[in-house]
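These are the residues of each chain, in order.
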Amino acid sequence: MSRVRVHNFSVSLDGFGTGEGQSMEAPFGHAGERLHSWFFETSTFHRMQGRPGGSTGVDDAMAGTWGPGIGAEIMGRNKFGPQRGPWQDEEWKGWWGPEPVFRTPVFVLTHHHRPSVQMAGGTTFHFLDATPQEALRRAQEAAGGLDVRIGGGPGTVRQFLAADLIDHLHVVLVPIVLGRGERLWDGLEALEDQFPSVESVTTPSGVTHLTFSRP
């Protein structure tokens, strides 16, 4: 059965999954790269960028579970890009260049229509105004029996958690305090009750990998 997964989702000690003030030059707002520096050092990330090297160990092992078995992704509009409101620039095709790393159908949640965008390497961005349930149905159809990844940002992951649609949640607790931005956990009291299995491991980079899962 197709599962719904979240991977490598970093949050600060005070619960923020991204900083304030996103822009073209600052995809994560004032947080910069601080939430994701553990990931950028891994061999997994280096391979995604077509570069050699990178760290191995637990961080890399956790990061590497991001791709296998995934047939489609759902992401929020602010993960796709910094534009707000009606699409003013349809030349903008995401942060990832001409050949994005996803290599699957990607469903971008937005209230504003835009034609699908087919990219090199197998990624096609579809723009969808839908509830979490409807978006998941569309993504599962496109995934062909494989799993669906909920890619973020915080608001999108929170919506799918609130709807009890996520089977595997990998959150990375990063030892920084952001103070402002968008929080992940708001409105999710007793979230742990949704998941029979909760595991954690802290690595030499200082982050703690928290995995919530159910059969």
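What counts and how
- Residues numbered from 1 in each chain as written.
- Predicted model: local features only at pLDDT ≥ 70, side-chain atom pairs only at ≥ 80, totals over all residues.
- Heavy atoms only, no water.
- Helix = DSSP H or I, 4+ residues; strand = E, 2+ residues; numbered from the N terminus.
- Rg over C-alpha atoms; globule rule 2.2 N^0.38 Å.
- Buried < 20%, exposed > 50% of the residue type's maximum accessible area, 1.4 Å probe, protein only.
- Contact = heavy atoms within 4.5 Å.
- Areas by Shrake-Rupley, 256 points an atom, 1.4 Å probe, with all protein chains shown as cover.
- Lys, Arg positive; Asp, Glu negative; His and termini not counted.
- Charge placed at Lys NZ, Arg CZ, Asp CG, Glu CD.
- Salt bridge = Lys/Arg side-chain N within 4 Å of Asp/Glu carboxyl O.
- Phe/Tyr/Trp six-rings, centres within 6.5 Å; stacked < 30°, edge-to-face > 60°.

Asks: Looking at this structure, I do not really get the overall build of the protein. What am I missing?
Replies: Looking only at helices and strands, one finds six helices and eleven strands in the protein. Here the C-alpha atoms of the protein give a radius of gyration of 16 Å, agreeing with the 17 Å that 2.2 N^0.38 yields for 215 residues. Dimensions of the protein, computed from C-alpha atoms along their principal axes, come out at roughly 45 × 35 × 35 Å. Counting all 215 residues of the protein, 49% fall into the buried class. Sequence-distant contacts, at least 24 apart, represent 64% of the contacts inside the protein between residues at least 6 apart. If you sum the accessible surface of the protein, you get close to 10,200 Å²; carbon and sulfur atoms cover 53% of it. Averaging the coordinates of the 18 positive side-chain charges in the protein and doing the same for the 24 negative ones gives two points 4 Å apart.

Asks: Could you clarify how one ought to interpret the pattern of salt bridges in this entry?
Replies: When charged atoms on two side chains of opposite charge get close, those side chains can pair. By the definition in use, this model includes eleven salt bridges. Residue E73 pairs with K79 through a salt bridge whose shortest N-O separation is 2.9 Å. Its relative accessible area of 0% is what places E73 among the buried residues. R149 is the salt-bridge partner of E73, the closest N and O atoms lying 2.6 Å from each other. Here the residue E73 occupies a position in strand β3 (residues 70-76), and R149 occupies one in strand β7 (residues 147-152), the gap between them amounting to 76 residues. No difference in accessibility class separates E73 from R149, as the two residues are buried. Residues participating in the shared-partner salt-bridge network are E73, K79 and R149.

Asks: How should I be thinking about helix α6 (residues 154-162) in this particular structure?
Replies: Buried within α6 are the following residues: P154, G155, T156, V157, F160 and L161. Count one or two residues on from α6 and you reach D164, which has phi positive near 60 degrees.

Asks: Would you take a moment to explain the packing of aromatic side chains for this structure?
Replies: Centre distance and the angle of the planes are the two values used to describe a pair of aromatic rings. Within the structure shown, the criterion is met by 15 aromatic pairs. Geometrically, the ring pair formed by F39 and F40 is tilted, given 6.3 Å between the ring centres and 55 degrees between the ring planes. We note that F39, like F40, is buried. When the centroid spacing of 5.4 Å and the interplanar angle of 70 degrees are considered together, the rings of W87 and F127 count as edge-to-face. Taken together, the residues span a long stretch of sequence, with W87 in the loop between α4 (77-80) and β4 (105-109) and F127 in strand β6 (residues 124-128) at a distance of 40 residues. Residue W87 is classed as buried on the basis of its relative accessible area of 12%. Cluster of aromatic residues (ring-pair linked, three or more members): W66, F80, W87, W96, F102, F125 and F127.

That is the geometry; function is a separate question.
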